[in-house]
Amino acid sequence: MPKRKDLKSILIIGSGPIVIGQACEFDYSGSQALRSLREDGIETVLINSNPATIMTDPTMADHIYLLPLNTKSIIEILKKHPKIDAVLPTMGGQTALNLCIEAGEKGIWEDFGIQIIGVDIDAINITEDREKFRELMTRIGVKMAPQSTATSFLQGKEIAQEFGFPLVIRASYTLGGAGAAIVHDPADFDEHLSHGLEVSPIHEVMIDKAMMGWKEYELELLRDKNDNVVIICTIENMDPMGIHTGDSITVAPAMTLSDTTFQRMRDLAIKMMRSIGDFAGGCNVQFAVSPDEKEDIIAIEINPRVSRSSALASKATGYPIAKVAAKLAIGYSLDELNNQITQSTSALFEPTLDYVIVKIPRWNFDKFEGADRTLGLQMKSVGEVMGIGRSFQEALHKATQSLEIKRNGLGADGKGYKDYDQIIQKLTYASWDRVFVIYDAIQLGIPLSRIHEITKIDMWFLRQYEELYHLEKEISTHSIETLPRELLLEAKQKGFADRQIAHMLDCWESEVHQKRMSLEIKRVYKLVDTCAAEFKAMTPYYYSTFEAEIETPSGERYVANDSLVTDRKKIVVLGSGPNRIGQGIEFDYCCVHGVLAASECGYETIMINCNPETVSTDFDTADKLYFEPVFWEHIYDIILHENPVGVIVQLGGQTALKLAEKLDKYGIRIMGTSFKSLDLAEDRGSFSRLLKENNIPYPQFGVAENAEEALALADELNFPLLVRPSYVLGGQGMKIVINKQELESHVVDLLRKIPNNKLLLDHYLDGAIEAEADAICDGEEVHIIGIMEHIEPCGIHSGDSNATLPPFNLGEFVLQQIKDHTHKIALALNTVGLINIQFAIKGDQVYIIEANPRASRTVPFIAKAYGEPYVNYATKIMLGEKKVSDFKFNPSLEGFAIKQPVFSFNKFPKVNKNLGPEMKSTGESILFIKSLKDDEFYNLYSRRKMYLSK
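Here's a quick rundown of the structure.

Secondary structure assignment for the protein yields 31 helices and 35 strands. For 950 residues, the compact-globule estimate of 2.2 N^0.38 gives 30 Å, and the protein sits close to it at 27 Å. Buried positions account for 65% of the 950 residues belonging to the protein. Surface summary for the protein: the accessible area is close to 34500 Å², and the carbon and sulfur share equals 49%.

Here it is in structure tokens:
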């Protein structure tokens, strides 16, 4: 049976602003679902309040509503679109499901005759209501940990008395483990119980006997209306039970599961999915397995929607779960759909992996001073990376190299811990950097049995680590001249970077690269093909590895490379790596638009990125996708292989920009603004000279390299001072200091965290208004795409400010200065492409805070507010295909648009929530108001000084 004929128009609910626990993986899922439905000629209507995502781009759906995610907005949309037949709520995470339930309870779907597809309300209620779920599992014979629900404090205390400690408390109907805790000590129980009951929207908690040390697994399933079920991916958590899956290091396929247990787990997952309701769509099931020979299996939970792991599983297998789930929701069966990668096998064909993927979360604890950095049941990571390799070791190394935390992989970079007590402490209380600490422990001589006893991580993983350490030790006995080829090849096959090997051999990275090339140890590229090369894949989605040579009977030796180079002119777009505070999904939006614009100009497009949550790493966004770390060695090897016309660095945030110097040094063409100009804008001294030459005012400043120089400068500049390191993102390390004691302590702390960095000291313009402008320049002409005024005063990071477009109370004289300064700076920097400039306004004088000649966080917001594809225009200018004068700019906005930051402080209850020059928001939403008399604007404006912290 093909798709249903009665579904002509479908409403999709997005996931709103990015918060910890619900990030851009739902933007990816929603974007795929929209494309999938439109392929079938279905009208799509989207509600989502997030301006930074590609999902809310005008090209993605027939009608897009950037409105708050509430039932009032839903009613407004349904009145405007009486032809909507159904709602698909499974693509927008917990936010969409909760909104769907609320609308159902209020009778909205019934009033408008709307069907719910992709899931049924009973399934959501059963899986979210932990008591009902437990009863169902008991009925169908699926084991669970001893557990009971409590809807009052007294009930909770009675359950704890019955079960004994340690216990797990989980709040019902929450996201990202909110309200969950492991309680070892009875003294802490009351506080955690009260918190769980408070955060649950139905004031209910489930109390489980803690299964500490059990192994954890996730299965991604799809089911069609004919009850066909496929298991797309089995993911094993390297971290045992006790750490939220979003904060766990995960591996696919499962590594330490016996075949018989795997079969039992599959059967249980299918049984569970069938038992919760009769719906067609996606499902995520989590299990725990006892770490003994019995391998007992207990169910943890089931989510009847695409999950955080669905994006990871899609990228890991090349099977687009959300795209297929959307097709199943409109009536297709799996056997009627093609596998998107092979285009010849059925979607009923389960993927097979002939490689290993490793996901490592990315944390941002540095933004939350005083946060509890230990990992537990409440998710704390802000993003993730994925590494693909032919072995676990290679994939693990690639994932660690993708994190962008100044590590080159495991060990061999001189940055490991050496103190025994510190290592034991970090292993005992799972730390964010435990993936590295395990290596340090082995290096220090701590036995594997002891590491296993503390962490409960399976011995198989620990032995993999040990092998890497033995290899490092062996290589360290050689020099670059004496290192044998087979040892160098083995190191590369196990994922060690040239930089790490150089550290072992005490030589330069470039020497290792030269030796590799001379010995013909080169990367080869393999296809992610869903079927272990059993069928031909049609989609160019690659990862790199190193292979030993194959010898044919005729004596010819070669290595097999799946990535064939065409003779078309090519452009490489560098992605922005893992999401983090200061560099989020807005750069994925920019990269996708950059790829599409380059494609329109006739280029073969090549995307390099390692973030599994994004649309830029979808297998059909660019002509070729290299799922590789945005790490110099990997990028350089791809460039040598592909020989592109040039590389676009302006769209991938600071990640891509930091690689500009290397690209320039190696003679690789940077499209658009040159490295010299990019560097000039980052170097405060040179940039200030440029401002001086152009008679543009800026706050008095100085540069210091140590505390003594900083204290001497303070006498010249006068307090308050804004102190910041150079070349950082999201205001990292920025602080306003008001006396010498504060200055000295902050400078010493900064130089400890970021050694050899130049520190910039600016006189802080207290009480100034802050504004920013984004512009496109072709080197001769400048077009300002938007000027925004911040509601909060100067001193709060622009990413944490409510920004109003257009400005609401800057006079004509001030606006003219902003326009003049923007034109002058863009031309003086020889900008070709995008530029963002930030201003402080004191009196009627406009001062320059900084200029960034790249795509900024605000570009997607301006593009959505004005309905103009600015990144498309800017990319064509970067490529030299167009000039500013070739475009007809026609922005349209009635009233004002406000970019509103969203914070995830609820994950860090004891953290100081005051805002300052260091960015803390994890996402943003957009608010449209008709006039400044709007109550929402009045509320924002009246609170504007509440959070400023010096």
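In total, this model carries 25 aromatic pairs according to the counting rule given. Summarising the aromatic geometry, the rings of Phe 937 and Tyr 941 are spaced 5.9 Å apart at their centres and angled 15 degrees between planes, so their arrangement reads as stacked. Residue Phe 937 and its partner Tyr 941 are located together in helix H31 (residues 935-942), separated by 4 residues, close to a single helical turn. Using a relative accessible area of 6% as the deciding quantity, one classes Phe 937 as buried. Here the aromatic cluster, defined as three or more aromatic residues joined through ring pairs, consists of Phe 365, Phe 368, Phe 903, Phe 905 and Phe 908. Lying over the aromatic face of Phe 631, Arg 499 brings its terminal NZ or CZ to 4.7 Å of the ring centre.

All right, on to the nonpolar core then. In this structure, Leu 88, Val 358, Leu 574, Val 649 and Ile 776 are the most contacted members of the largest nonpolar core, which totals 173 residues. If you look at the next biggest cluster of nonpolar residues, it comprises 34 residues, including Tyr 173, Tyr 217, Ile 270 and Phe 287.

Next up on the list: the sheet that holds strand S13 (residues 281-289). With antiparallel pairing, 7 strands are arranged side by side in an open sheet as S14-S13-S10-S11-S12-S15-S16. Each edge of the open sheet is held by one strand with a lone partner, namely strand S14 (297-303) and strand S16 (383-389). Taking the axes of each pair of neighbouring strands and ignoring which way they run, one obtains an average angle of 25 degrees across the sheet. In terms of strand pairing, strand S11 (residues 229-237) meets strand S12 (residues 250-252) through 2 bridges, oriented antiparallel. Across the sheet, the residue bridging to Glu 236 is Val 251, located in S12. Packing against the sheet, helix H12 (residues 392-402) makes contact with S12, strand S15 (356-362) and S16, and its axis sits at approximately 30 degrees to S15.

Next up on the list: the packing of helix H19 (residues 509-518) against helix H21 (residues 632-642). Between H19 and H21, the shortest axis-to-axis distance is 13 Å and the interhelical angle comes to 40 degrees. Taken together, the axes of H19 and H21 are oblique relative to one another. Every pair of crossing elements has a handedness; the one defined by H19 and H21 is right-handed. Taken together, the residues of H21 that come into contact with H19 (itself represented by Glu 509, His 513, Arg 516 and Met 517) are Trp 632, Glu 633, Tyr 636, Asp 637 and Leu 640. Split by residue class, the contact of H19 with H21 holds 4 nonpolar, 1 polar and 4 charged.

Moving on to the state of the cysteines. All chains considered together, the criterion is met by 0 disulfides. Cys 233 takes part in no disulfide bond, and the closest cysteine sulfur to it belongs to Cys 283, at a distance of 15 Å. On the basis of relative accessible area, Cys 233 is assigned to the buried category, the value being 4%.

With that settled, the discussion passes to the pairing of strand S34 (residues 896-902). By the criterion of burial, S34 is predominantly enclosed, with 7 of the 7 residues buried. Across the two faces of S34 the burial is the same, with Phe 896, Ile 898, Gln 900 and Val 902 and Ala 897, Lys 899 and Pro 901 all buried. Alignment of strand S31 (residues 803-805) against S34, held across 3 bridges, turns out to be antiparallel. Each residue of the ladder has a partner; that of Leu 805, found in S34, is Ala 897.

Quick look at the packing of helix H14 (residues 434-444) against helix H15 (residues 448-455) now. For any two helices packed against each other, one specifies the inter-axial angle together with the distance between the axes. Closest axis-to-axis distance for the H14/H15 pair is 10 Å, and the angle between their directions is 150 degrees. One element, H14, and the other, H15, form an angle in the roughly antiparallel class. Crossing handedness for the pair H14 and H15: right-handed. In contact with Arg 434, Ile 438, Ala 441 and Ile 442 of H14, H15 contributes Leu 448, Ile 451 and Thr 455.

Of all the 7 residues making up S16, 7 are buried; the element is thus mostly covered by neighbouring parts of the structure. Residue alternation in S16 divides its side chains into two sets, Gly 383, Val 385, Gly 387 and Gly 389 and Glu 384, Met 386 and Ile 388, and both sets are buried. Here S15 pairs with S16 via 7 bridges, running antiparallel. Bridge assignment links Val 358 to a residue of S16, and that residue is Gly 387.

This paragraph deals with the environment of Lys 570. By the secondary structure assignment, Lys 570 is in strand S21 (residues 570-574). Exposure remark for Lys 570: the relative accessible area of 3% places this residue in the buried category. In this structure, the C-alpha to C-alpha distance between Lys 570 and Ile 606, residues 36 residues apart in sequence, is 7.2 Å. Contact partners of Lys 570, with chain neighbours within four places excluded, come to Val 565, Tyr 603, Glu 604, Ile 606, Glu 642, Pro 644, Val 645 and Gly 646.

The next point concerns the environment of Arg 38. Structurally, the position occupied by Arg 38 is in helix H1 (residues 25-39). Judged by relative accessible area, which is 31%, Arg 38 ranks as partly exposed. Among all residues touching Arg 38, those that are not within four sequence positions of it are Thr 44, Thr 59, Met 60, Ala 61 and Asp 62.

With that settled, the discussion passes to the side chain of Asn 303. By secondary structure assignment, the location of Asn 303 is in strand S14. Once you skip the residues sitting within four places of it in the chain, Asn 303 turns out to touch Gly 282, Cys 283, Asn 284 and Gln 286.

What follows covers unusual backbone geometry. The omega torsion of the bond from Ala 252 to Pro 253 falls at -5 degrees, within 30 degrees of zero and hence cis. Note on placement: Pro 253 falls in the loop between S12 and helix H9 (259-276). At the junction of Leu 805 and Pro 806, the peptide bond is cis and its omega measures out at -10 degrees in the coordinates. Tracing the backbone shows Pro 806 in the loop between S31 and helix H28 (812-828). In this structure, Glu 295 is a non-glycine residue whose phi angle is positive, near 45 degrees. With respect to the helices, strands and loops of the structure, Glu 295 is situated in the loop between S13 and S14. Taking the relative accessible area as the measure of exposure, Glu 295 reaches 11% and is therefore buried. Positive phi values are uncommon outside glycine, yet Ala 412 reaches one of about 50 degrees. Mapped onto the fold, Ala 412 is located in the loop between H12 and helix H13 (420-428). Judged by relative accessible area, Ala 412 falls into the buried class, the value being 5%.

Hydrogen bonding along the main chain pairs the strands of a sheet, whether they run parallel or antiparallel. Taken in spatial order, the 5 strands line up as S3-S2-S1-S4-S5 in an open sheet, and their pairing is parallel. Across the chains shown, the open sheet's two edge strands, defined by having one partner strand only, are strand S3 (63-65) and strand S5 (115-116). Across 3 bridges, the pairing between strand S1 (residues 9-13) and strand S4 (residues 86-88) is parallel. Bridge pairing links Ile 12 to Leu 88 in S4.

Procedures and definitions
Every chain is numbered independently, its residues counted from 1 as its sequence is written. Only residues with pLDDT of at least 70 get local features here, since the model is predicted, and only at 80 or more are side-chain atom pairs given and counted; chain-wide, interface and lining totals rely on the full set of residues. The basis for every side-chain value is the complete set of heavy atoms in the structure, and neither hydrogens nor water enter the calculation. Every helix listed is a DSSP run of H or I at least four residues long, and every strand listed is a run of E at least two residues long, numbered separately from the N terminus. Radius of gyration: over C-alpha atoms. The globule rule applied is 2.2 Å multiplied by the number of residues raised to the 0.38 power. The rule is simple: take the accessible area with a 1.4 Å probe, protein chains only, and divide by the maximum for that residue type; under 20% is buried, over 50% is exposed, in between is partly exposed. The method behind every accessible area is Shrake-Rupley, applied with a 1.4 Å probe, and residues are considered shielded solely by the protein chains displayed. Paired rings are identified among Phe, Tyr and Trp, the last through its six-membered ring, by centres lying within 6.5 Å, and are further divided according to the angle between planes into stacked (under 30 degrees), edge-to-face (over 60) and tilted (the rest). Any Lys NZ or Arg CZ that is within 6 Å of a ring centre and within 35 degrees of that ring's normal is treated as a charge sitting over the ring. Note on terminology: a nonpolar core comprises buried Ala, Val, Leu, Ile, Met, Phe, Trp, Tyr and Cys residues joined through side-chain atoms within 4.5 Å. Two strands qualify as a pair provided that DSSP identifies no fewer than 2 bridges between them. Only the stretch in contact is used when fitting a helix axis, every axis being a line fitted to C-alpha atoms; angles between N-to-C directions are given from 0 to 180 degrees. Two residues form a contact once any of their heavy atoms are found within 4.5 Å. Roughly parallel here means an angle under 35 degrees, roughly antiparallel means over 145, roughly perpendicular means 65 to 115, and every remaining angle is called oblique. Crossing handedness follows the turn of the near helix against the far one: under a right angle anticlockwise gives a left-handed crossing, and clockwise gives a right-handed one. In this count, Pro and Cys sit with the nonpolar residues alongside Ala, Val, Leu, Ile, Met, Phe, Trp and Tyr, while Asp, Glu, Lys and Arg are called charged and the others, Gly among them, polar. Here, the term disulfide refers to a pair of cysteine sulfur atoms separated by no more than 2.5 Å.

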